[in-house]
Amino acid sequence: MEAKTYLSAALSAFGISFVFCLLLIPVLRKLKAGQNILSYVREHKGKSGTPTMGGLAFILSAVLAFALFADGADRTAVVTLTIGLCYLLVGFLDDFLKMKRRKNLGLRAWQKILFQLLVALFAGLYCLRAGLTVLRIPFLNRSADIGIWMLPFAVFVFLAAVNCVNLTDGLDGLAAGTCIPFFLCMGLVVLLRGGDSPASLSFCLAGALAAYLLFNSFPASVFMGVTGSLSLGGFAACIGVFSGNALYIAVIGGMFVITGVSVIVQVLYFKATGGKRVFLMAPVHHHFQEKGFSECKISYAYAAVTALLGGACGLTLL
């Protein structure tokens, strides 16, 4: 693809997503598809009832734009879209159950983990079958063929990416604002590494998220819900793993990693010390919130750090 084609795909995703958001939000309000806010986050009490499942708008927009500009059928692209949309459906079911029950209880934790594990195993087996076992090392002009070890590695990446992105979706504009530079930079890295199709999908996701962010920035008119966050994590894992650039997910998505690690550290320390905490609240963005930082400042900081990390990765490949 030429540069103008990537730009056209991203702009198309933006336009479609903007229209979808305009159409979807009134429908969600009419259906009373409001988010039930957990009571322990006192700053969020006024957000209860805000429409959720906004992920439907930007994920479907990105997929549609990608399909419109795709150069023929690509088996890996089909597998990627299938995995991403499966995550979308499971996230939608989780959000729907929460809405129906009128409390923050959707699918049980073991149900979501089981689904994530099955998808991760499928992705890992596909890598072995398709010969996608090469792993490129960030900041070094080197790569390694890890062979059969791609299976456990892919499982780890999928589980980590999906859950870390999901945990980052805790403030207005935080997950979307962080994912925009993430997918833009991942797309650039993949493109410079010779991956045409994954790069196009990355740019489409960034474009669709940019339109959604207009409705999700503070104060949010709509939340992406688990519908959006699970799918974004799934797409991030697919783009990284299938293109051989999985290690870049941890580098460019450093803020996702910090978010996930903050929860693990908090839980382990809490149990080991009989109730003491490392952070005022986890994930760490809530710690910053408790320290007095506004949601906007936290979201901007996450996006800026992600852009800097992604820019550093991109510069090493030029």
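First, a word on scope: everything that follows refers to the structure included in this document. (Residues numbered from 1 in each chain as written. Predicted model: local features only at pLDDT ≥ 70, side-chain atom pairs only at ≥ 80, totals over all residues. Heavy atoms only, no water.)

Remarks on the overall build of the protein
- Along its length, the protein carries 12 helices and 2 strands.
- The order of α-helices and β-strands along the protein, N terminus first, is α-α-α-α-β-β-α-α-α-α-α-α-α-α.
- Computed over the C-alpha atoms, the radius of gyration of the protein is 19 Å, within 12% of the 20 Å expected from 2.2 N^0.38 for a compact globule of 318 residues.
- Overall size of the protein, expressed as C-alpha extent along the three principal axes, is 50 × 45 × 35 Å.
- With 318 residues in all, the protein has 50% of them scored as buried.
- Relative to all contacts within the protein whose residues are 6 or more apart in sequence, the contacts with residues 24 or more apart total 76%.
- Per element, the accessible surface of the protein, about 14,400 Å² overall, is 69% carbon and sulfur.
- The positive charge centre, built from 24 side chains, and the negative charge centre, built from 12, are 11 Å apart in the protein. (Helix = DSSP H or I, 4+ residues; strand = E, 2+ residues; numbered from the N terminus. Rg over C-alpha atoms; globule rule 2.2 N^0.38 Å. Buried < 20%, exposed > 50% of the residue type's maximum accessible area, 1.4 Å probe, protein only. Contact = heavy atoms within 4.5 Å. Areas by Shrake-Rupley, 256 points an atom, 1.4 Å probe, with all protein chains shown as cover. Lys, Arg positive; Asp, Glu negative; His and termini not counted. Charge placed at Lys NZ, Arg CZ, Asp CG, Glu CD.)

Overview of the state of the cysteines
- Counted according to the given criterion, the structure contains 0 disulfides.
- Looking at the unpaired cysteine 127, the closest cysteine sulfur is the one in cysteine 238, lying at 8.8 Å.
- Looking at cysteine 204, it has no disulfide partner, and the nearest cysteine sulfur is the one in cysteine 179, 15 Å off. (Disulfide = S-S within 2.5 Å.)

What to know about a positive patch on the surface
- On the surface, Lys100, Arg101, Lys103 and Arg108 cluster together into a positively charged patch.
- Classification of arginine 108 as exposed rests on a relative accessible area of 53%. (Patch = residues over 30% accessible without salt bridge, like charges linked within 9 Å, V, L, I, M, F, W, Y side chains within 5 Å. Salt bridge = Lys/Arg side-chain N within 4 Å of Asp/Glu carboxyl O.)

Considerations on the packing of aromatic side chains
- Overall, the coordinates contain 10 aromatic pairs when judged by the stated rule.
- Measuring from ring centre to ring centre gives 5.5 Å for phenylalanine 18 and phenylalanine 215, while their planes differ by 45 degrees; the resulting arrangement is tilted. A residue pair is termed long-range when its members are at least 10 positions apart, and phenylalanine 18 in helix 1 (residues 3–30) and phenylalanine 215 in helix 7 (residues 196–216) qualify at 197 residues.
- Residue phenylalanine 18 is classed as partly exposed on the basis of its relative accessible area of 31%.
- Members of the aromatic cluster, each reached through a chain of ring pairs, are Tyr126, Phe158 and Phe242. (Phe/Tyr/Trp six-rings, centres within 6.5 Å; stacked < 30°, edge-to-face > 60°.)

Things to note about helix 7
- With 21 residues, helix 7 extends 30 Å from end C-alpha to end C-alpha; this agrees with the ideal 30 Å at 1.5 Å per step.
- Counting buried positions along helix 7 gives 16 out of 21 residues, so the element sits mostly inside the fold. (Expected span 1.5 Å × (residues − 1).)

Structural notes on the nonpolar core
- Core analysis: the biggest nonpolar cluster contains 83 residues, and Phe183 and Leu232 have the highest contact counts within it.
- Each residue touching phenylalanine 183, except ones within four places of it in the same chain, is listed here: Ser202, Phe203, Leu205, Ala206, Leu209, Leu232, Phe235, Ala236 and Ile239. (Core = buried A, V, L, I, M, F, W, Y, C linked by side-chain atoms within 4.5 Å.)

Brief notes about the side chain of threonine 306
- Looking at the secondary structure, you find threonine 306 in helix 12 (residues 295–315).
- Residue threonine 306 is classed as buried on the basis of its relative accessible area of 0%.
- Sequence-distant contacts of threonine 306, defined by excluding residues within four places in its chain, comprise Thr178, Pro181, Phe182, Ile252 and Met255.

Looking at the packing of helix 4 (residues 109–130) against helix 5 (residues 150–168)
- Put simply, helix 4 and helix 5 touch, their axes get as near as 8 Å, and they point 140 degrees apart. Classified by the angle their axes make, helix 4 and helix 5 are oblique. When the axes of helix 4 and helix 5 are compared, the crossing they make is right-handed. Each of Gln116, Leu117, Ala120, Leu121, Ala123, Gly124, Leu125, Cys127 and Leu128 in helix 4 lies in contact with helix 5, whose residues at this interface are Met150, Leu151, Ala154, Val155, Phe158, Leu159, Val162 and Asn163.
- Of the residues that constitute the contact of helix 4 with helix 5, the class distribution is 14 nonpolar, 3 polar and no charged. (Axes fitted to C-alpha atoms, helices over the stretch in contact; angles between N-to-C directions. Parallel < 35°, antiparallel > 145°, perpendicular 65-115°, else oblique. Left-handed = near helix turned anticlockwise from the far one by under 90°. Nonpolar A, V, L, I, M, F, W, Y, C, P; charged D, E, K, R; others polar.)

Side note on helix 10 (residues 254–273)
- The end-to-end C-alpha distance of helix 10 is 28 Å, a good match for the 28 Å that 20 residues give at a rise of 1.5 Å each.
- Buried within helix 10 are the following residues: Gly254, Met255, Phe256, Thr259, Gly260, Ser262 and Gln266.
- Structurally, helix 10 contributes buried residues whose contacts are with helix 5, helix 6 (174–192), helix 9 (246–252), helix 11 (284–290) and helix 12.

What to know about the pairing of strand 2 (residues 142–145)
- With 4 bridges connecting them, strand 1 (residues 134–137) and strand 2 associate as antiparallel partners. Bridge assignment links valine 134 to a residue of strand 2, and that residue is aspartate 145. (Pairing = 2+ DSSP bridges.)

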